[in-house]
Amino acid sequence: MLARDTARTAADHSVRPLEPEQLIRLVTDHQTRLVRDARQLLDLVRESLAVLEEDLQGHNGTAATLWNRNQHRFTSATQCWPCWEDDLSDAVASFLRRDIGGHRVVVNREVQVRRDGLPGLRTDIQIEAPAPADTGRHTLRVIIEAKGCWNPELPMTARTQLRAYLSEPDTAGLLLVGYFDCTRWNTKKRSCPATNHNIDDVRREQHEQIRQLTSDGVLLAAAHVLDCRLPGEDSDWRKTADESA
């Protein structure tokens, strides 16, 4: 509690009034965001991931691009299995570049942060933005650790991998889980070691990991479970559409 109170007090002291030109730009350009610290950059990334999920699961969504299949058309005989984690990271990084890249925000893949042979060799996705000159902060960073829902390390990723990146100042972490478990997944092509885990269970597990990681108020992190399922009766967006019909 003391750490959180101190952080809030420090944030209050770091607030600077906007210049008229900045205020006008924020009001007139809805794509413009004011990012002064790592928490605001993390919020921006999370908002972008919410947009990505709408793109994946909306009408004629793009979720199919994250799946392999053995034939051109989807039929009852089509065999489908998820992409690999590297493919997921590539797709997420590409979307973030289009959605929030530019305006001095840089999205990188596979950034080396430690020498060969040491743990935490490369980050999956790293988003950087310059800190405002009058804040005295370092470069702002959000580091994303991306996992597929089938990864056996999922229950411990926050403390064994993500935590290692958060020792740098002005750095936030994001545990991103691609959730693919649905009835169209042909487990003969590649199995999922986790069984009977629905998307809500995975979300609770990942949010609990982050809660434990950040409970002392020192580290800044969040979790996001990205719905990558193929359209079908077990997809959240399909249930919503059916209920509103």
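Residues numbered from 1 in each chain as written. Predicted model: local features only at pLDDT ≥ 70, side-chain atom pairs only at ≥ 80, totals over all residues. Heavy atoms only, no water.

> How would you summarise the confidence of the model for the protein if you had to cite specific residues and measurements?
Here the protein shows a mean pLDDT of 80. Residues at 70 or above account for 75%. Least confident of the elements in the protein is helix α7 (residues 236-244), whose mean pLDDT is 40; most confident is strand β7 (residues 221-227), at 96. Low confidence marks residues 235-245, where pLDDT is under 50. Its contacts with residues over four positions away, or in another chain, come to 12 contacts. (pLDDT = per-residue confidence, 0-100. Helix = DSSP H or I, 4+ residues; strand = E, 2+ residues; numbered from the N terminus. Contact = heavy atoms within 4.5 Å.)

> Explain the pairing of strand β5 (residues 140-148) residue by residue, including any values.
Among the 9 residues in β5, 8 count as buried, and that is most of the element. With 5 bridges joining them, strand β4 (residues 122-129) and β5 adopt antiparallel strand pairing. Bridge pairing in β5 links alanine 129 to leucine 140. With 8 bridges joining them, β5 and strand β6 (residues 171-179) adopt parallel strand pairing. (Buried < 20%, exposed > 50% of the residue type's maximum accessible area, 1.4 Å probe, protein only. Pairing = 2+ DSSP bridges.)

> Tell me about the environment of alanine 221, and please be specific about residues and values.
For alanine 221, the location among the structural elements is in strand β7. Not counting the four nearest positions on each side in its chain, alanine 221 is found in contact with Leu42, Leu162, Leu166, Gly173, Ile210, Leu213 and Thr214.

> Kindly report on the packing of aromatic side chains, identifying the contributing residues and their values.
One pair of aromatic rings is described through two measures. These are the centre distance and the angle between the planes. Counted by the stated rule, this structure contains 4 aromatic pairs. Judged by centre distance (5.6 Å) and plane angle (55 degrees), the ring pair of tryptophan 150 and phenylalanine 180 falls under tilted. With tryptophan 150 in the loop between β5 and α5 (157-165) and phenylalanine 180 in the loop between β6 and α6 (199-213), this residue pair connects regions lying 30 residues apart in the sequence. Per residue, the accessibility class of tryptophan 150 equals that of phenylalanine 180, and both read buried. Feature note: the residues Trp67, Trp150, Phe180 and Trp185 constitute an aromatic cluster, connected by ring pairs. (Phe/Tyr/Trp six-rings, centres within 6.5 Å; stacked < 30°, edge-to-face > 60°.)

> For the packing of α5 against α6, give the residues involved together with the corresponding values.
Geometrically, a packed helix pair is captured by the angle between its two axes and the distance between the axes. Taken N-terminus to C-terminus, the directions of α5 and α6 make an angle of 60 degrees; their axes are 10 Å apart at the nearest point. Here α5 is positioned oblique relative to α6, judged by the angle of their axes. Crossing geometry of α5 relative to α6 is assigned as right-handed. Residue-level inspection shows Thr157, Ala158, Arg159, Leu162 and Arg163 of α5 in contact with α6, the latter providing Gln209, Ile210 and Leu213. Of the residues belonging to the contact of α5 with α6, the class tally is 4 nonpolar, 2 polar and 2 charged. (Axes fitted to C-alpha atoms, helices over the stretch in contact; angles between N-to-C directions. Parallel < 35°, antiparallel > 145°, perpendicular 65-115°, else oblique. Left-handed = near helix turned anticlockwise from the far one by under 90°. Nonpolar A, V, L, I, M, F, W, Y, C, P; charged D, E, K, R; others polar.)

> Can you lay out the side chain of glutamine 57 for me, pointing to particular residues and giving the numbers?
As for its placement among the helices and strands, glutamine 57 is situated in helix α3 (residues 38-57). Polar contacts involving the side chain of glutamine 57 include one to the main-chain carbonyl oxygen of aspartate 227, which spans 3.0 Å. (Polar contact = N/O pair within 3.5 Å; in protein donor to acceptor, adjacent residues only side chain to side chain.)

> Please set out α6 residue by residue, giving values where relevant.
Here α6 contains 15 residues, and its C-alpha end-to-end distance of 21 Å stays within 8% of the 21 Å for a straight helix at 1.5 Å per residue. Those residues of α6 lying buried are Ile199, Val202, Gln206, Gln209, Ile210 and Leu213. Projected down its long axis, α6 shows its buried positions confined to an angular sector of 95 degrees, all on one face. A distance of 3.1 Å separates the backbone nitrogen of aspartate 200 from a side-chain oxygen at the start of α6, and that oxygen is part of asparagine 198. (Expected span 1.5 Å × (residues − 1). Arc of directions from axis to C-beta.)

> So what's going on with helix α4 (residues 85-99)? Residues and values would help.
Taking 1.5 Å per residue, 15 residues should reach 21 Å; α4 reaches 21 Å between its end C-alpha atoms and fits that length. Within α4, burial applies to Glu85, Leu88, Ser89, Val92, Ala93, Phe95 and Leu96. Buried residues along α4 cover an arc of 165 degrees about the axis, so they all sit on one side.

> Describe the environment of tyrosine 165, and please don't skip the residues or the numbers.
By the element assignment, tyrosine 165 lies in helix α5. Of the residues examined, tyrosine 165 reaches a relative accessible area of 6% and is grouped as buried. With 21 residues separating them in the primary sequence, tyrosine 165 and isoleucine 144 have C-alpha atoms 9.6 Å apart.

> Run through the environment of glutamate 54, naming residues and quoting values.
Topologically, glutamate 54 is positioned in helix α3. Glutamate 54 sits 172 residues away from leucine 226 along the chain, and the two C-alpha atoms are 10.0 Å apart.

> Before we move on, can you summarise the side chain of threonine 78 with the specific residues and values?
Relative to the helices and strands, threonine 78 is located in the loop between β1 (67-69) and β2 (80-82). A distance of 2.7 Å separates a polar atom in the side chain of threonine 78 from a polar atom in the side chain of glutamine 71. Other than its neighbours up to four places away in sequence, threonine 78 contacts Arg69, Asn70, Gln71 and Arg73.

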